[in-house]
Amino acid sequence: MEITNVSEYEAVAKEKLPKMVYDYYASGAEDQWTLQENRNAFSRILFRPRILIDVSKIDLTTTVLGFKISMPIMISPTAMQKMAHPEGEYATARAASAAGTIMTLSSWATSSVEEVASTGPGIRFFQLYVYKDRNVVAQLVRRAERAGFKAIALTVDTPRLGRREADIKNRFTLPPFLTLKNFEGLDLGKMDESNDSGLASYVAGQIDRSLSWKDVKWLQTITTLPILVKGVITAEDTRLAIQAGAAGIIVSNHGARQLDYVPATITALEEVVKAAQGRLPVFLDGGVRRGTDVFKALALGASGIFIGRPVVFSLAAEGEAGVRKVLQMLRDEFELTMALSGCRSLKEITRDHIVTEWDRPRVAPRL
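Residues numbered from 1 in each chain as written. Predicted model: local features only at pLDDT ≥ 70, side-chain atom pairs only at ≥ 80, totals over all residues. Heavy atoms only, no water.

**Q** Honestly, the packing of helix α4 (residues 88-99) against helix α13 (residues 309-341) in this entry has me stumped. Any pointers?
**A** Think of two packed helices as two axes; the pair is described by the angle between the axes and how far apart they sit. Relative to each other, α4 and α13 sit at 15°, their axes nearing to 8 Å. Here α4 is positioned roughly parallel relative to α13, judged by the angle of their axes. Two packed elements cross with a definite hand, and for α4 against α13 that hand is left-handed. Here α4 contributes Gly-88, Ala-91, Thr-92, Arg-94, Ala-95, Ala-96, Ala-98 and Ala-99 to the contact with α13, which in turn contributes Val-311, Leu-315, Glu-320, Val-323, Arg-324 and Leu-327. Grouping the constituent residues of the contact of α4 with α13 by class yields nine nonpolar, two polar and three charged. (Axes fitted to C-alpha atoms, helices over the stretch in contact; angles between N-to-C directions. Helix = DSSP H or I, 4+ residues; strand = E, 2+ residues; numbered from the N terminus. Parallel < 35°, antiparallel > 145°, perpendicular 65-115°, else oblique. Left-handed = near helix turned anticlockwise from the far one by under 90°. Contact = heavy atoms within 4.5 Å. Nonpolar A, V, L, I, M, F, W, Y, C, P; charged D, E, K, R; others polar.)

Here it is as structure tokens:
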């Protein structure tokens, strides 16, 4: 079967992967309302394309934290990629590098920061979970710096793991031949089997629930790397992130895996962008499956987007070639959307190019 869009990889991955692994990647929290809404909310935003504009040349390039990339489409941190494919994070790193874009490596990767760095050049960010033992955190951040990573994406929406019922049913745990490579030498690389989700038990034991804004300040004392705060969905927290010295914000609901019934990230985006007042870049993560989605996010003020599940599903289906293809398909669709909307560069994409449900005047019909 010829794969013609990003979403088609999910069905292929479902066939190929063990049920426990597929369910881990695919599922959301509780009723999975936000999981559906992350996709559905995009479908309620419509275009207002402009015509008769010379679109023979289109420039997709942009800069993120000063780094020039080929397009505003980057890779989110997703855990344990070797469950999807033997090459795991190596394949993802090579695909991102080939596409000229940024990969974010998960703290819970099945390849270490050093191993990913060894795949060759590329701009890489490191996603950080803050462990109870701060020496572990400091060590990890230093290793990421030494390995040439360019920013820290601090995940702030996970003081506890969301209730993912598929993982409870499957008693999810890391397959025995894999470890959380970044923690291997610290005896934190193994996940014990548990009566419910092994990952939830691991998080309860290791991740610091007391994490607060003062820790964002503390991180800046142990590293010179810029810190992106990942998991902000309100104006209030946007203002606090600016006060705390964040270099950027990733509007994210953790792929709808944490608190169910939070809004879709595309719905929350504009509130965050308005509160940021241009003082720091705002990115979006969650639900992006089409080039049209990328355009909508940029029209609402995002500086770029990150994709997660499309990476692990395409990785499971076709390894590195799959991830390359996903990045290429999104790039091609996004470029086409720009052309058909009359935009030749990212700065030409404006709020006027879309209409959302909250723009439409709610007029009561006269009886």
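**Q** Teacher, can you tell me more about the UniProt feature "active site" (unreviewed entry) in the protein here?
**A** Following the UniProt record, one finds the feature "active site" (unreviewed entry) at His-254. In this fold, His-254 is placed in the loop between β9 (248-251) and α11 (265-276). In terms of polar contacts, His-254 uses its side chain to reach the side chain of Thr-158, at 3.2 Å. (UniProt positions renumbered as here; feature names shortened; annotations may be inferred. Polar contact = N/O pair within 3.5 Å; in protein donor to acceptor, adjacent residues only side chain to side chain.)

**Q** How should I be thinking about the pattern of salt bridges in this particular structure?
**A** In a structure, side chains of opposite charge can pair up when their charged atoms sit close to one another. Within this structure, the stated rule accounts for 17 salt bridges. Residue Glu-184 pairs with Lys-181 through a salt bridge whose shortest N-O separation is 3.4 Å. For Lys-181, a relative accessible area of 24% corresponds to the partly exposed category. A single salt-bridge network, built from bridges that share partners, covers Glu-87, Arg-94, Glu-320 and Arg-324. (Salt bridge = Lys/Arg side-chain N within 4 Å of Asp/Glu carboxyl O. Buried < 20%, exposed > 50% of the residue type's maximum accessible area, 1.4 Å probe, protein only.)

**Q** Got a minute to help me understand unusual backbone geometry in this structure?
**A** Trans peptide bonds make up the majority, and among non-glycine residues the majority have a negative phi. We note that Leu-65 has phi near 50°; this positive angle belongs to a residue other than glycine. When you line up the elements, Leu-65 lands in the loop between β2 (62-64) and β3 (67-69). Not every positive phi belongs to a glycine, and Arg-171 is a case in point at roughly 45°. For Arg-171, the location among the structural elements is in the loop between α7 (165-170) and α8 (198-206).

**Q** What exactly am I supposed to notice about empty space enclosed by the protein here?
**A** Unfilled space is identified by rolling a water-sized probe across the atoms. All chains considered together, the criterion is met by one cavity of 30 Å³ or more. As a volume, the largest cavity reaches approximately 420 Å³. Around the largest cavity, the lining comprises 28 residues; the ones closest to its centre are Pro-77, Thr-78, His-254, Gly-255 and Arg-257. Where the lining of the largest cavity is concerned, the elements lending two or more residues are α2 (19-26), β11 (304-307) and α13. Ranked by residues supplied to the lining of the largest cavity, first place goes to α13 with three residues. Per-class residue counts for the lining of the largest cavity are twelve nonpolar, ten polar and six charged. (1 Å grid on protein atoms, 1.4 Å probe; cavity = no way out; pocket = protein on both sides within 12 Å on 5 of 7 lines; lining within 4 Å. Points joined across faces, edges and corners; volume = space filled by probe spheres on them.)

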